Amino acid sequence: MELAEQIPLEQHVWLTMLLLALVGILAHFLLGWLFARLHRAALASARTWDDVLVTSVQRPARVGLWVLVLYLVTRTLSLAAGLRNLIGQTYEILLILLMAWFLHRLLSGVEQEMLSPTRAGASSADRATVRATSKLARISLWIIVALMVLQSADVSIQGLLAFGGIGGIAVG
């Protein structure tokens, strides 16, 4: 008799969940090691934009790893179809929010780099333009994210987009 036949089905689920958790912990430490190496390489380079990119992606990548692990753990459980759909929607929304978090951090890093004292010759008008453009980009980002989250939550955004289009025509 094989070992798999001797273990009850409930224990298979727990073993799978334990294995996924262990793989998640290992991947978490590997990501930490990878990002430490990327930070060292970015600091050694003459370009500052790679520092911005590595710093922006580090936390969302680690949180994204655990979101993936939790999603895979919930997939191993035998759940009702409605609950499985809800978990799928939640996973989609979390992925959208993680991407938005990364882009927000990237925009903030770009703004800080553009306003850094190492960039000589920037006038106050340039600084104001950088700040205004950065704020506008972040506001646009979160409006788009809100629309994507609503769409992922099965809320029809067609009426909202049509209203925005009509409002744009009225103002224009």
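See above for the structure.
Residues numbered from 1 in each chain as written. Predicted model: local features only at pLDDT ≥ 70, side-chain atom pairs only at ≥ 80, totals over all residues. Heavy atoms only, no water.

**Looking at the overall build of the protein**
Item 1. A count of helices and strands for the protein gives 6 helices and 0 strands.
Item 2. Taking all 172 residues of the protein together, the buried fraction comes to 23%.
Item 3. Summarising the internal contacts of the protein: among those between residues at least 6 apart in sequence, 70% fall at separations of at least 24.
Item 4. Looking at the protein as shown, the accessible area adds up to about 11,900 Å², and 71% of this sits on carbon and sulfur atoms. (Helix = DSSP H or I, 4+ residues; strand = E, 2+ residues; numbered from the N terminus. Buried < 20%, exposed > 50% of the residue type's maximum accessible area, 1.4 Å probe, protein only. Contact = heavy atoms within 4.5 Å. Areas by Shrake-Rupley, 256 points an atom, 1.4 Å probe, with all protein chains shown as cover.)

**Remarks on empty space enclosed by the protein**
Where empty space is left can be seen by rolling a probe of water-molecule size over the atoms.
Item 1. In the structure shown here, the tally under the stated rule is 1 cavity of 30 Å³ or more.
Item 2. Roughly 30 Å³ of volume is contained in the largest cavity.
Item 3. The wall of the largest cavity is formed by Y71, T74, R75, L79, R84, I87 and G88.
Item 4. At the level of secondary structure, the elements contributing two or more residues to the lining of the largest cavity comprise α3 (49-76) and α4 (81-114).
Item 5. When grouped by side-chain class, the residues that make up the lining of the largest cavity number 3 nonpolar, 2 polar and 2 charged. (1 Å grid on protein atoms, 1.4 Å probe; cavity = no way out; pocket = protein on both sides within 12 Å on 5 of 7 lines; lining within 4 Å. Points joined across faces, edges and corners; volume = space filled by probe spheres on them. Nonpolar A, V, L, I, M, F, W, Y, C, P; charged D, E, K, R; others polar.)

**Here we look at the nonpolar core**
Item 1. Among the nonpolar cores identified, the biggest contains 8 residues, and these are M17, L20, L31, F35, V54, L65, V69 and V73.
Item 2. Contributions of two or more residues to this core are made by α2 (9-44) and α3.
Item 3. Apart from residues lying up to four places away in sequence, L20 is in contact with V69, L72, V73 and T76. (Core = buried A, V, L, I, M, F, W, Y, C linked by side-chain atoms within 4.5 Å.)

**A few points about the pattern of salt bridges**
Item 1. Scanning all chains against the criterion turns up 1 salt bridge.
Item 2. Ionic pairing is found between E111 and R138, a salt bridge with its closest N-O pair at 3.0 Å. Placement of the pair is E111 in helix α4 and R138 in helix α5 (residues 124-152), with a sequence separation of 27 residues. Comparing E111 with R138 shows no difference in burial state: the two are buried. (Salt bridge = Lys/Arg side-chain N within 4 Å of Asp/Glu carboxyl O.)

**Section: α4**
Each full turn of the α-helix corresponds to 3.6 residues, which orients residues three or four apart in the same direction.
Item 1. With 34 residues, α4 extends 49 Å between its outermost C-alpha atoms, agreeing within 8% with the 50 Å of an ideal straight helix rising 1.5 Å per residue.
Item 2. Among the residues of α4, G88, Y91, I93, I96, L98, A100, F102, R105, S108, G109, E111 and E113 are the ones counted as buried. (Expected span 1.5 Å × (residues − 1).)

**Considerations on the packing of α3 against α4**
Item 1. For the pair α3 and α4, the least separation of the axes is 8 Å and the interaxial angle reads 170°. Considered as vectors, α3 and α4 are oriented roughly antiparallel to each other.
Item 2. Residue composition of the contact of α3 with α4, grouped by class: 18 nonpolar, 6 polar and 5 charged. (Axes fitted to C-alpha atoms, helices over the stretch in contact; angles between N-to-C directions. Parallel < 35°, antiparallel > 145°, perpendicular 65-115°, else oblique.)

**Describing α3**
Item 1. A rise of 1.5 Å per residue sets the reference length of α3, with its 28 residues, at 40 Å; its end C-alpha atoms lie 41 Å apart and thus fit the reference within 8%.
Item 2. The largest bend along α3 measures about 30° and falls at Q58, with the proline P60 one to four residues further on. (Bend = angle between axes of the 7 residues up to and from the residue.)

**What about a nonpolar patch on the surface?**
Item 1. On the surface, L15, L18, L22, I25 and F29 cluster together to form a nonpolar patch covering roughly 510 Å² of accessible area.
Item 2. Relative to the elements of secondary structure, I25 occurs in helix α2.
Item 3. Given a relative accessible area of 39%, I25 falls into the partly exposed group. (Patch = residues over 30% accessible without salt bridge, like charges linked within 9 Å, V, L, I, M, F, W, Y side chains within 5 Å.)

**Description of the packing of aromatic side chains**
Each aromatic ring pair is characterised by the separation of its centres together with the angle its planes make.
Item 1. Evaluated as defined, the whole model comprises 1 aromatic pair.
Item 2. Relative to Y91, the ring of Y71 has its centre 4.0 Å away and its plane inclined at 15°; by these criteria the two rings are stacked. Note that Y71 is positioned in helix α3 and Y91 in helix α4, a separation of 20 residues in sequence.
Item 3. Residue class for Y91 comes out buried when judged on its relative accessible area of 18%. (Phe/Tyr/Trp six-rings, centres within 6.5 Å; stacked < 30°, edge-to-face > 60°.)

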